[in-house]
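Fold and contact review
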Amino acid sequence: MVNLILKNIKEVEEDFRDEVKKICEEKSEYFKELLKKYDKDLVLEVIFDHSSSLYKVSASLNLKSKKMLLTEENKDVVAAVTRLFAEFKKAVKRQYELERKDYEYKRKR
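Quick look at the structure, then. (Residues numbered from 1 in each chain as written. Predicted model: local features only at pLDDT ≥ 70, side-chain atom pairs only at ≥ 80, totals over all residues. Heavy atoms only, no water.)

Turning next to the pairing of strand S4 (residues 67-74). Across eight bridges, the pairing between strand S3 (residues 54-62) and S4 is antiparallel. The partner of Lys56 across the bridge, within S4, is Glu73. Hairpin connection, S3 to S4: the antiparallel pair is bridged by four residues. (Pairing = 2+ DSSP bridges. Helix = DSSP H or I, 4+ residues; strand = E, 2+ residues; numbered from the N terminus.)

Below, the structure is given as structure tokens:
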């Protein structure tokens, strides 16, 4: 089970807020499907920070072996969120596969 938490969403301009929430929920569904057989309850945390003209978007997911954390900066918040989740998806898949291989290796010994 993956729970989505959006922090500081009020820092995003109201014009883009619904679109950003929609993207985050769609990606959360992807992680729910990918990690549906995972033993641990996971928390997908997306944090927004708007300083001067840049948006800084961070995503974290607490896996068993380590906490995955990625950050993306851009002037356009939608582009930042989209690119962040693209990179985050690759990183989480890679770490999940490593955990699975490690588990199977230990089980066989």
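A side chain of one charge can pair with a side chain of the opposite charge when the charged atoms of the two come close. What the rule picks out here adds up to nine salt bridges. Between Glu45 and Lys7 there is a salt bridge, with its nearest N and O atoms 2.7 Å apart. Pair noted here: Glu45 is in strand S2 (residues 42-51) and Lys7 is in strand S1 (residues 2-7), with a separation of 38 residues, a long-range link. Note on Glu45: relative accessible area 15%, which makes it buried. Overall, Lys7 belongs to the partly exposed group, its relative accessible area being 38%. With a closest N to O distance of 3.1 Å, Glu104 and Arg100 form a salt bridge. Of this pair, Glu104 and Arg100 both sit in helix H2 (residues 77-108), four residues apart, which is roughly one turn of the helix. The partly exposed category is assigned to Glu104, whose relative accessible area is 31%. (Salt bridge = Lys/Arg side-chain N within 4 Å of Asp/Glu carboxyl O. Buried < 20%, exposed > 50% of the residue type's maximum accessible area, 1.4 Å probe, protein only.)

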